[in-house]
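# Structural overview
Chain residues, written in single-letter form:
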Amino acid sequence: MTGESSGSAAEDRSVVEEVVELFETLDFTEYEARCFVGLERIRQGTAKEVSEVADVPRARVYDCMDGLKERGLVDVQQGSPREFRAVDPDEAVSMLDRQLSTVLDRIGTLLPRLQSPASEGDEDGDVWVMEGDAEVSERMEGLLDDATDEVLLAIAVEELLTDELLTALRAASDRGVDIVIGSPAESVRERLRTALPEARVQETWTWWDSHPIQPGAVSAILMVDGAQLLVSADIQTSLPGVRKHRAVWTDGDTAPLVGMMRPLLADAIQRGGQRAEATS
């Protein structure tokens, strides 16, 4: 029995500490969080009782209770001594949810007002740089999530063809987006054909002399709706035999690179498919 009681006490302490930490993320002080958690455990009590349960100096309990009362989480019964009662846990959660929603709604209203009219369209033509296989794949997923009309993809490496990327491609296909993909790798093409039976998957060599691709070669090019573009390249790292991918991307069609790449990419994939048919 002693072992069970000890384990239960340790579990209780762990729950208390986790709840206190979560309340602190909501802008409660540690003492406020401890007082509220302590009061929830006894449901109703005096400052002395809360102090003993919450391990908070008694002199600080009154200030904490005033703050909790203002948040609507504690009821106060006047008397000598005063008694405090915590609201029901479900009611507390609902109240915090309403308060947070109000704050987030207000932030959503104010944030757009921080942008000056002159800067609202500036970022459309910006070109961004990122590095890392997972990061590049995730950025492609994000671009695909916005696809409404057309996806052009040339991809040469399986590292970037994650399950999540295939899911994003399937979702775009299910929305009726026209998807055309080119790759020099048979294994990549077969995987794409299996996952995307509605897409046009073709053999393409425009950016590659061989496969596996050489260090520094383009590893993937993605264009979405003729407006969003990502170009990824294979790079070597300082570690022997370790390589990863670096990409430049833009989500605005005002970047000069976007207008130049759309016809080039579409033509390269199409010509690759025609050559493959002619030699078969």
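Residues numbered from 1 in each chain as written. Predicted model: local features only at pLDDT ≥ 70, side-chain atom pairs only at ≥ 80, totals over all residues. Heavy atoms only, no water.

## Describing the environment of A134
Quick reminder of the rule: Helix and strand definitions follow DSSP, with helices as H or I runs of at least four residues and strands as E runs of at least two, each counted in order from the N terminus. Burial here depends on accessible area, computed with a 1.4 Å probe over protein chains only, as a share of the maximum for the residue type. Under 20% is buried, over 50% is exposed, and the range in between is partly exposed.
Secondary-structure assignment places A134 in helix α6 (residues 133-145). Residue A134 is classed as partly exposed on the basis of its relative accessible area of 43%. Sequence spacing of A134 and L161 is 27 residues, and the spatial spacing of their C-alpha atoms is 9.9 Å.

## What about a nonpolar patch on the surface?
For clarity, the cut-off: Patch definition: residues above 30% relative accessible area lacking any salt bridge, with like charges linked at up to 9 Å and the nonpolar side chains Val, Leu, Ile, Met, Phe, Trp and Tyr linked at up to 5 Å. Residue-level accessible areas treat just the shown protein chains as cover; the underlying method is Shrake-Rupley with a 1.4 Å probe. The term salt bridge refers to a side-chain nitrogen of Lys or Arg lying within 4 Å of a carboxyl oxygen of Asp or Glu.
Together, V103, L104, I107, L111 and L114 make up an exposed nonpolar region whose accessible area comes to about 510 Å². Judged by relative accessible area, L104 falls into the exposed class, the value being 57%.

## Concerning the pairing of strand β3 (residues 83-86)
Our working definition: Paired strands, in this sense, are two strands between which DSSP finds at least two bridges.
Side-chain alternation along β3 places F84 and A86 on a buried face and E83 and R85 on a face that remains uncovered. Where strand β2 (residues 74-77) meets β3, four bridges bridge the pair, whose relative direction is antiparallel. Following the sheet pairing, V76 is matched in β3 by F84. Hairpin connection between β2 and β3: a loop of five residues separates the two successive antiparallel strands.

## Some remarks on the confidence of the model for the protein
Note: predicted coordinates in regions of low pLDDT should not be interpreted at a detailed level. Heads up, the condition is: Confidence scores here are pLDDT values: one per residue, from the predictor, ranging 0 to 100. Throughout, a residue-residue contact means that at least one pair of heavy atoms, one from each residue, lies within 4.5 Å.
For the protein, per-residue confidence averages 83 on the pLDDT scale, and residues scoring 70 or more make up 80% of the total. Confidence drops under pLDDT 50 across residues 119-123; counting only partners more than four residues distant or on other chains, this segment forms two contacts. Confidence drops under a pLDDT of 50 for residues 273-280, and excluding neighbours within four residues, the segment shows five contacts in the predicted structure.

## Notes on the sheet that holds β2
Definition in use: Axis definition: a line fitted to C-alpha atoms, over the contacting stretch in the case of helices. Angles run 0 to 180 degrees between N-to-C directions.
Within the open sheet, the three strands sit side by side as β1-β3-β2. Their pairing is antiparallel. Of all strands in the sheet, those with a lone pairing partner are β1 (44-46) and β2, marking the two edges. The sheet shows a mean angle of 25 degrees between the axes of neighbouring strands, direction not considered. Lying on the sheet, helix α2 (residues 30-42) is in contact with β1, β2 and β3; it crosses β3 at an angle near 85 degrees. Seen against the sheet, helix α3 (residues 47-54) touches β1 and β3 and runs at an angle of roughly 105 degrees to β1.

## With respect to the packing of aromatic side chains
To keep it simple, the criterion reads: Here a Phe, Tyr or Trp ring, Trp counted by its six-membered ring, pairs with any other such ring whose centre lies within 6.5 Å, and the pair is stacked when the planes are under 30 degrees apart, edge-to-face when over 60, and tilted otherwise. Remark: a charge is flagged as sitting over a ring if the NZ atom of Lys or the CZ atom of Arg is within 6 Å of the ring centre and within 35 degrees of the ring normal.
A full pass over the atoms with the stated rule returns four aromatic pairs. Ring plane angle 75 degrees and centroid distance 4.9 Å describe the contact between F23 and F28, whose orientation is recorded as edge-to-face. Under the relative-accessibility criterion, F23 is labelled buried at 11%. Centre to centre, the rings of W207 and W208 are 5.8 Å apart; their planes meet at 70 degrees, and the pair counts as edge-to-face. Of the aromatic side chains, those joined through ring pairs into one cluster are F23, F28 and F36. In this arrangement the basic side chain of R71 is found over the ring face of F28, its NZ or CZ atom lying 3.8 Å from the centre.

## Observations regarding the nonpolar core
Put simply, the rule reads: In this description, a nonpolar core means a group of buried Ala, Val, Leu, Ile, Met, Phe, Trp, Tyr and Cys residues linked to one another through side-chain atoms lying within 4.5 Å.
In terms of nonpolar packing, the biggest core is built from 46 residues, with M140, V151, I155, L169, I181, L192 and L222 touching the most fellow members. Residue assignment for this core shows that the elements contributing at least two residues are α6, β5 (150-155), α7 (163-174), β6 (178-183), α8 (186-195), β8 (218-224), β9 (228-236) and β10 (243-250). In this view, V151 contacts L144, L169, V177, D178, I179, V180, L222, M223 and V224; residues no more than four positions away in its chain are not counted.

## Digging into the environment of P57
Position of P57 among the secondary structure elements: in the loop between α3 and α4 (58-70). Considered as a pair, P57 and A47 are ten residues apart in the sequence and their alpha carbons are 9.5 Å apart. Dropping the residues within four chain positions of it, P57 is found in contact with Y31 and S51.

## Quick word on the side chain of S173
With respect to the element layout, S173 can be found in helix α7. In this structure S173 touches I179 and E198, once residues within four positions along its chain are discounted.

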